[in-house]
Amino acid sequence: MGEVPAESEIRVGLAEPMIAVEHVGDASTAVATFEPPIRGSWRWLDTRVAAFTAQAPRLAQATSYKVTVASAKALSGAVLDGPVTGTFATPPISRPTRRT
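For clarity, every value in this text was computed on a predicted model and none was experimentally measured.

Enquirer: Can you tell me about the overall build of the protein chain, naming the residues and giving the values?
Expert: Per the secondary structure count, the protein chain includes zero helices and eight strands. In the protein chain, the succession of helices and strands from N to C terminus is β-β-β-β-β-β-β-β. In terms of overall dimensions, the protein chain is more spread out than a globule: its C-alpha atoms have a radius of gyration of 16 Å, far above the 13 Å expected for 100 residues. Expressed along its principal axes, the backbone C-alpha trace of the protein chain runs to roughly 65 × 25 × 20 Å. When the 100 residues of the protein chain are sorted by exposure, 28% land in the buried category.

Enquirer: Could you give an account of the packing of aromatic side chains, with specific residues and numbers?
Expert: Under the criterion given, the structure shown has four aromatic pairs. Between Tyr65 and Phe88, the aromatic rings sit 5.0 Å apart at their centres with planes inclined by 20 degrees, giving stacked as the arrangement. One end of the pair, Tyr65, is in strand E7 (residues 64–69); the other, Phe88, is in strand E8 (residues 84–89), and 23 residues separate them in sequence. Phe88 matches Tyr65 in its accessibility class, with the two residues each being buried.

Enquirer: Can you lay out unusual backbone geometry for me, pointing to particular residues and giving the numbers?
Expert: A cis amide bond links Glu35 with the next residue in sequence, Pro36, at an omega value of 0 degrees. Residue placement: Pro36 occurs in the loop between strand E4 (33–35) and strand E5 (40–44).

Enquirer: Any chance you could break down the environment of Pro57 for me, citing the residues and the numbers?
Expert: Mapping Pro57 onto the fold places it in the loop between strand E6 (49–54) and E7. Separated by 50 residues in the primary sequence, Pro57 and Glu7 place their C-alpha atoms 6.6 Å from one another.

Enquirer: Let's hear about the pairing of E7: which residues, and what values?
Expert: Remark: a regular strand shows side chains that alternate across the two faces of the sheet. With three bridges joining them, E4 and E7 adopt antiparallel strand pairing. Within E7, the position partnered with Phe34 by the bridge is Val67. As defined by bridge partners, E7 adjoins E8 across six bridges and the pair is classed as antiparallel. Within E8, the position partnered with Ser64 by the bridge is Ala89.

Enquirer: Let's hear about the environment of Ile10: which residues, and what values?
Expert: When you line up the elements, Ile10 lands in strand E2 (residues 10–13). Classification of Ile10 by relative accessible area gives buried; the value is 9%. Apart from residues lying up to four places away in sequence, Ile10 is in contact with Phe34, Ile38, Ala50, Ala51, Phe52, Leu59 and Phe88.

Reading guide: rules and limits
Residues numbered from 1 in each chain as written. Predicted model: local features only at pLDDT ≥ 70, side-chain atom pairs only at ≥ 80, totals over all residues. Heavy atoms only, no water. Helix = DSSP H or I, 4+ residues; strand = E, 2+ residues; numbered from the N terminus. Rg over C-alpha atoms; globule rule 2.2 N^0.38 Å. Buried < 20%, exposed > 50% of the residue type's maximum accessible area, 1.4 Å probe, protein only. Phe/Tyr/Trp six-rings, centres within 6.5 Å; stacked < 30°, edge-to-face > 60°. Pairing = 2+ DSSP bridges. Contact = heavy atoms within 4.5 Å.

Right under this line is the structure:
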């Protein structure tokens, strides 16, 4: 599990090309799901990497997230054997230090 800034774009990289080159930059249906849920949208950055941009300007702080790619089919026809999951967390809320 890694810690990411609350303003991060979330990227999911896959081993094989998933879309044709002419669809890079296009909006996508959900490539993965988040637990807890995050509202937002997906788009393809290249043929193997999809980026998720949250609707809110920031993700919830001090929160652990689980990302699941339930199924995927590459251009070659290859499919996932089963769901693949990963985790990340946003940093805790920090309080300003008092200066004396």
